[in-house]
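Okay, here's what each chain looks like letter by letter:
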Amino acid sequence: MAISNTHELWQQAVAAIQSGKLVAFPTETVYGLGADALNPSAVAGIFALKERPSFDPLIVHIAHMEDLARLTLEPDPRVNLLAQKFWPGPLTLVLPKSSLVPDIVTSGLNTVGIRMPSHPVARELIERCGCPIAAPSANKFGRVSPTRAEHVRKKLAVEVVLDGLAPEVGIESTIVALHADGFEVLRHGVITLEDLKQVLPESKLSHKQSQVVAPGMLNSHYSPAKPLYLTQSPLPVGLDKSRGAVISCTGIDTEGYKVVCKNQTLGDLREYAVNIFAWLHQMEEADVDYMVAEAVTPLGIGAAIMDRLRKAAYRYSTGLKNI
Ligand code: AMP
Ligand code: MG
């Protein structure tokens, strides 16, 4: 089914961005909450609405390579190699920033995270507005990322929400910092370490040079409002399956659970990634008391999925109080 935004909605979206307001829009990863990246007070609105701590830098979304040149310092040949292979797509590059990028976007760092999305609505928004768009996920800080317009409408008071096809990726971008002596994966995504090594065979993997301690890298994030348990650890005793929801990737036993979400193609990690946040939203809304998600081997795309699931389940596996 084609999903289209009316001419009026597009006009509203462009006017909002150009007047320093916010717009939620689909990307191939998760829904973004966008503002003009070059307007510091517009960007401040993102932090305020999300209740996001100011030390958590935003990713800037661009539609053309010329924008990259304006936002960063000297050209780096590795950037072109990575961009040719993975852009537009779910890869964010952390690079030395130019003075055009306001400090609020990068939380005062001298680097900026940049991504060229492939989703047609995201690209059209950037092009129509004529500015790079800073955008984190369109949810309250620390909560489950949205992948559908309805997730945003239910949980965030943003006036303009653009519609669009469901994401092709479903989890946040892979983030890579390029250092003088190599590269560092700051966040796992569907573009895996193995994919990156094929493009940068000469570049060694450097460890923990980045100064940033962003919430996306902390133990608890993407947190659902109900207890979430992973199948890799024993479930708490005495759980009543008829009051639970379960997610299965490879075909684990789901007998007796009230709500069951499962992969159509057993074990397909891309399919698991595409659906994981939508399933967490669905289970959060369902009349159940807790949810269980299947843990997968943390290799390749499995590393990205387990990163999200471990963080989402963290407070429940450690007994931390829910926020
Ligand atoms: P998101 O949570 O998808 O909005 O992505 C934001 C994340 O990107 C932050 O939490 C950081 O982990 C990372 N990030 C963005 N900009 C930078 C930067 N300049 N240096 C290091 N990490 C960054
Ligand atoms: Mg987020």
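Structure shown above.
To keep things clear, this report deals only with the structure shown in the data block. (Residues numbered from 1 in each chain as written. Chains lettered and ligands numbered in written order. Predicted model: local features only at pLDDT ≥ 70, side-chain atom pairs only at ≥ 80, totals over all residues. Heavy atoms only, no water.)

## Topic: the sheet that holds strand β8 (residues 174-179)
Reasoning step 1: The strand order across the open sheet formed by 10 strands is β7-β1-β2-β6-β3-β5-β4-β8-β9-β10, and the pairing between neighbours is mixed. Where the open sheet ends on each side, the last strands, each with one partner, are β7 (160-161) and β10 (204-205).
Reasoning step 2: In terms of strand pairing, strand β4 (residues 91-96) meets β8 through four bridges, oriented parallel. Bridged to L93 within β8 is V176.
Reasoning step 3: Contacts from helix α2 (residues 40-50) reach β2 (32-36) and β6 (133-134) within the one sheet, and its direction differs from that of β2 by about 155 degrees.
Reasoning step 4: The strands touched by helix α4 (residues 77-86) are β4, β8 and β9 (182-187); relative to β4, the strand with the most contacts, the crossing angle is about 165 degrees. (Pairing = 2+ DSSP bridges. Helix = DSSP H or I, 4+ residues; strand = E, 2+ residues; numbered from the N terminus. Contact = heavy atoms within 4.5 Å. Axes fitted to C-alpha atoms, helices over the stretch in contact; angles between N-to-C directions.)

## Concerning the packing of aromatic side chains
Reasoning step 1: Considering all chains together, one arrives at three aromatic pairs under this definition.
Reasoning step 2: Measuring from ring centre to ring centre gives 6.3 Å for Y229 and Y290, while their planes differ by 50 degrees; the resulting arrangement is tilted. Note that Y229 is positioned in strand β11 (residues 228-230) and Y290 in strand β14 (residues 290-293), a separation of 61 residues in sequence.
Reasoning step 3: Here Y229 falls in the buried class, since its relative accessible area comes to 17%.
Reasoning step 4: Overall, the relative accessible area of 5% leaves Y290 in the buried class.
Reasoning step 5: The interplanar angle of 50 degrees and the centroid separation of 6.4 Å between the aromatic rings of Y272 and W279 together place this pair among those described as tilted. The burial state of Y272 is the same as that of W279; both residues are buried. (Phe/Tyr/Trp six-rings, centres within 6.5 Å; stacked < 30°, edge-to-face > 60°. Buried < 20%, exposed > 50% of the residue type's maximum accessible area, 1.4 Å probe, protein only.)

## Some remarks on the side chain of D36
Reasoning step 1: Tracing the backbone shows D36 in strand β2.
Reasoning step 2: Within polar-contact distance, the side chain of D36 engages the backbone nitrogen of L38 at 2.8 Å.
Reasoning step 3: Not counting residues up to four positions away in its chain, the partners in contact with D36 are I17, A42, V43, C131 and P132. (Polar contact = N/O pair within 3.5 Å; in protein donor to acceptor, adjacent residues only side chain to side chain.)

## Comments concerning helix α1 (residues 7-18)
Reasoning step 1: Between its first and last C-alpha, α1 extends 17 Å over 12 residues, near the 16 Å set by a 1.5 Å rise per residue.
Reasoning step 2: Lining the buried residues of α1 we find β1 (23-25), β2, α6 (120-129), β6 and β7. (Expected span 1.5 Å × (residues − 1).)

## So, unusual backbone geometry
Reasoning step 1: Look at the link from W87 to P88: it is a cis peptide, with omega at -10 degrees.
Reasoning step 2: Of note, P88 is situated in the loop between α4 and β4.
Reasoning step 3: Positive phi is not limited to glycine here, since S107 has a value of about 55 degrees.
Reasoning step 4: Here S107 shows up in the loop between α5 (103-106) and β5 (111-115).
Reasoning step 5: If you check the backbone angles, Y222 has positive phi at about 50 degrees while not being a glycine.
Reasoning step 6: Here Y222 is to be found in the loop between β10 and β11.

## A look at the side chain of T92
Reasoning step 1: Mapped onto the fold, T92 is located in strand β4.
Reasoning step 2: The exposure class assigned to T92 is buried, which follows from its relative accessible area of 0%.

## So, α6
Reasoning step 1: Turning to α6, its buried residues are V121, A122, L125, I126 and C129. Relative to the axis of α6, the buried residues are bounded by an arc of 135 degrees and lie together on one face.
Reasoning step 2: Considering only its buried residues, α6 is in contact with α1, β1, β3 (59-61) and β6.
Reasoning step 3: G130, located one to two residues past α6, shows a positive phi value of around 75 degrees. (Arc of directions from axis to C-beta.)

## Some points on the sheet that holds strand β12 (residues 244-248)
Reasoning step 1: Strand order in the open sheet formed by four strands is β11-β14-β12-β13, and the pairing between neighbours is parallel. Of all strands in the sheet, those bounded by a partner on one side alone are β11 and β13 (259-262). In this sheet, adjacent strand axes meet at a mean angle of 20 degrees when their direction is disregarded.
Reasoning step 2: The pairing of β11 with β14 spans three bridges and is classified as parallel. Directly across from L228, in β14, lies its bridge partner M291.
Reasoning step 3: Together, β11, β12, β13 and β14 form the strand contacts of helix α9 (residues 269-285), whose direction differs from that of β12 by roughly 175 degrees.

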